[in-house]
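# Structure assessment
Each chain, letter by letter, is given below.
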Amino acid sequence: MNRTATLRKWIPQYKANLALAGPVVLSQIGQVIVQLSDNLMVARLGALPLAAVSFGGAVFTIFLFWGTGLSLGLTPLTGEAYAQRKIRTTAGLLQNALVLYSLVGLLLFGVLWMLGDLLEYMGQSPEVVRLAVPYYRYLAWSIIPYMVYLSFKQFLEGVGNTRTGMAVVLIANAINIVFNYLLIFGKGGFPELGAAGAGLSTLISRICMPLFMLAYFLWNQSVRRYFAFFSRTVQTWRNIRRLLSVGLPISVQVVLEVMAFALSSIMMGWIGPSELAAHQIVLSVGTMAYMMQVGISTATTILVSHAYGRKDRQGIRLAAAGSCHLGLAFAVVTMSCLILFRYRIPMLFTDDAAVVAIAGQLFIFAGLYQLSDSLQIILVGVLRGMQDVAVLMSYSFVSYLLINLPVGYLCAFTLGIGPSGLWIGFIFGLSIAAWLYYRRYRKLSRRQSPGHGGDRPLTAPV
């Protein structure tokens, strides 16, 4: 096959993915900017408040991603029903998701609130804990409206609408930044709350998010029609069970991965506040790069779920391969930038020479794991689209809890490598995860029976 024929084969796949991934990337980056803006503004108060925000955010993130992971089960289920033009089934998924995820938000809030009393027993300095608790409490409240927002967002992504979630996140993000400035530094007549002000700003912005989504559903006739199919008959345990059967394994997989980073942040705090502050800077920037891969992965889930609903085996393969091509290309660019500008990037956050020096070292390792990180998250997107999610839990457990964290601890503390040792653990864990997910996808590809979709290339839904 010559180059021209090869390009003709793959360009439709790249376009289909990027058409969906672009808004998702902006949406994901917008959510990360909430944490990033907290870090940037709080960093001006000193290394201690930055360490407090890092610690409080690390604990909260575990539960935030548990809820987010659970909601991700809605996307492939909606995508399959949408591809099969089952309007009542699609509407039923939205109705049940709103009920389920709202209850989950209340449950997570209760757990987070009780856990707040235990922060002082997690090995951090008393000064860090004192500043972290108020910030953490506000974040705990924010998980309730955020789960309602995710019900709408994941449903829209399932039907191929990724732009609305992007718009809502960007508007809410602007609200968060404005209130950060007002509440952290006490501007415009508002009280000067310091690190706690960053948490309150996040709460305000997240209350706005489901309100904006509801307004969109009521305004747009194409999605308002789904409300017309809401009824007591579709609110059943069977539908809830479907959401849980797909969402729970995804949630566990997401949480295990996030736990590797969150627990590493806690272990970094054992080394010292400067190391923790540097670690948080690298995580913030690395997460921004990761969001590009999440966008590609989410688009892959949507395209694969639609092909899966049509029983289009070749469509699944093309969508998966095209996404891997895109992901690896972005990973190479990201890796180069992180390593080349490893000492310049930290200066955007702080002028503390010790923090900048440590962050510069850590950026090397953050760059090195970009390739394996790209492959693992995109292959996860493929498996989610095929609703083959049960294996994700065991693979993630092996990769992150049995390999990532122990290797990181061994290198950092036993071998005395220090902060860089914890990041060596990430390289091992993410590489093993990518390998395991690839083996699973190859196994599924070989045993999938041919469908009726032929070699038709996938296109993004209108």
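Note on numbering: residues in each chain are counted from 1, in written sequence order. Side-chain atom pairs in this predicted model are given and counted only at pLDDT of 80 or more, local residue features only at pLDDT of at least 70, and totals for whole chains, interfaces and linings cover all residues. Only heavy atoms go into the side-chain values, all of them from the structure, while hydrogens and water stay out.

## Things to note about the overall build of the protein chain
Selection rule: Strands are runs of DSSP state E lasting at least two residues, helices are runs of H or I lasting at least four, and both sets are numbered from the N terminus onward. Just to be clear, the radius of gyration here is over C-alpha atoms, and the globule rule we use is 2.2 Å times residues to the power 0.38. When accessible area is computed with a 1.4 Å probe and restricted to protein chains, residues below 20% of their type maximum are described as buried, those above 50% as exposed, and intermediate ones as partly exposed. Contacts: residue pairs with any heavy atoms within 4.5 Å of one another. In short, Shrake-Rupley with a 1.4 Å probe defines the accessible areas, and a residue's cover is counted only from the protein chains shown. Charge convention: Lys and Arg are scored as positive, Asp and Glu as negative, and His as well as the terminal groups of each chain are ignored. We put the charge of a Lys on NZ, of an Arg on CZ, of an Asp on CG and of a Glu on CD.
The secondary structure content of the protein chain amounts to 15 helices and zero strands. For 462 residues, the compact-globule formula gives about 23 Å, and the C-alpha radius of gyration of the protein chain, at 22 Å, lands near that figure. With respect to the three principal axes, the spread of C-alpha positions in the protein chain is 60 × 50 × 35 Å. In the protein chain, buried positions account for 59% of the 462 residues. Counted over contacts in the protein chain with a minimum sequence separation of 6, partners at least 24 positions apart contribute 83%. Surface exposure of the protein chain reaches about 18500 Å², of which carbon and sulfur atoms provide 66%. Charged side chains of the protein chain number 34 positive and 15 negative; the gap between the two group centres comes to 19 Å.

## Let's talk about the side chain of threonine 162
To be explicit about the condition: Two N or O atoms count as a polar contact when they lie within 3.5 Å, although within protein this holds only if one can serve as hydrogen donor and the other as acceptor, and sequence-adjacent residues are included solely when both atoms are side-chain atoms.
By secondary structure assignment, the location of threonine 162 is in the loop between helix H5 (126–158) and helix H6 (163–185). A polar side-chain atom of threonine 162 sits 3.2 Å from the main-chain carbonyl oxygen of leucine 20. Contacts of threonine 162, omitting those with residues within four sequence positions, involve Ala19, Leu20, Pro23, Val24, Glu157 and Ile302.

## Quick word on the pattern of salt bridges
For side chains of opposite charge, pairing can occur when their charged atoms come near one another. Put simply, the rule reads: Take a side-chain nitrogen of Lys or Arg and a carboxyl oxygen of Asp or Glu: if they are within 4 Å of each other, that pair is a salt bridge.
Summed over the entire model, instances satisfying the criterion amount to four salt bridges. Here glutamate 157 and lysine 153 are joined by a salt bridge, their closest N and O atoms 2.8 Å apart. Remark: lysine 153 and glutamate 157 occur in helix H5; sequence separation between them is four residues, near one turn of the helix. Taken individually, glutamate 157 and lysine 153 each receive the classification buried, so the pair is uniform in this respect. Of the charged contacts in the structure, one is a salt bridge between arginine 440 and aspartate 388, with a shortest N-O distance of 2.8 Å. Linking arginine 440 in helix H15 (residues 419–447) with aspartate 388 in the loop between helix H13 (370–385) and helix H14 (390–414), this pair joins segments that are 52 residues apart in sequence. An identical accessibility class is assigned to arginine 440 and aspartate 388; each is buried.

## Describing the nonpolar core
Quick note on the threshold: Among buried residues, those of type Ala, Val, Leu, Ile, Met, Phe, Trp, Tyr and Cys that are joined through side-chain atoms within 4.5 Å constitute a nonpolar core.
Membership of the largest hydrophobic core comes to 138 residues, with the highest contact counts inside it found for Trp423 and Tyr437. Counting residues per element, this core draws most heavily on helix H10 (residues 273–310), at 16 residues. Sequence-distant contacts of tryptophan 423, defined by excluding residues within four places in its chain, comprise Met268, His279, Val282, Leu283, Leu362, Phe365, Ala366 and Tyr369.

## Considerations on a positive patch on the surface
Note the cut-off: In this scheme, patches are assembled from residues that exceed 30% relative accessible area and form no salt bridge. Like charges are connected within 9 Å, while nonpolar side chains (Val, Leu, Ile, Met, Phe, Trp, Tyr) are connected within 5 Å.
A cluster of basic residues, Arg317, Arg439, Arg442, Lys443 and Arg446, forms a positive patch at the surface. In terms of residues, the positive patch owes the most to one element, H15, which gives four residues. Here arginine 439 is to be found in helix H15.

## Section: the packing of helix H2 (residues 47–71) against H5
Basically, it comes down to this: Geometry is summarised by axes, namely lines fitted to C-alpha atoms with helices restricted to the contacting stretch, and by angles between N-to-C directions that run from 0 to 180 degrees. Any angle from 65 to 115 degrees is called roughly perpendicular, while one under 35 is roughly parallel, one over 145 is roughly antiparallel, and all others are oblique. In a left-handed crossing the near helix is turned counterclockwise from the far helix by less than a right angle, and in a right-handed crossing that turn is clockwise.
Contact geometry of H2 with H5 gives a least axis separation of 8 Å together with a crossing angle of 25°. Viewed along their axes, H2 and H5 adopt a mutual orientation that is roughly parallel. Relative to H5, H2 is oriented so that their crossing is right-handed.

## Observations concerning the packing of aromatic side chains
Quick note on the threshold: A pair of aromatic rings is counted whenever rings of Phe, Tyr or Trp (Trp by its six-membered ring) have centres within 6.5 Å, and the orientation is called stacked for planes under 30 degrees apart, edge-to-face for over 60 and tilted otherwise. Placement of a positive charge over a ring is assigned whenever Lys NZ or Arg CZ falls within 6 Å of the ring centre and within 35 degrees of the normal to the ring plane.
All chains considered together, the criterion is met by 21 aromatic pairs. Ring centres 6.0 Å apart and planes at 45° place the aromatic pair tryptophan 270 and phenylalanine 413 in the tilted group. Here tryptophan 270, found in helix H9 (residues 237–271), pairs with phenylalanine 413, found in helix H14; they are 143 residues apart in sequence, far enough to count as distant. The exposure class assigned to phenylalanine 413 is partly exposed, which follows from its relative accessible area of 30%. An aromatic cluster is defined as three or more aromatic residues linked by ring pairs; in this entry it consists of Phe152, Phe155, Tyr216, Phe217, Trp219, Tyr226, Phe227 and Phe230. Note that arginine 137 overlies the ring of tryptophan 113, its terminal NZ or CZ placed 4.3 Å from the centroid.

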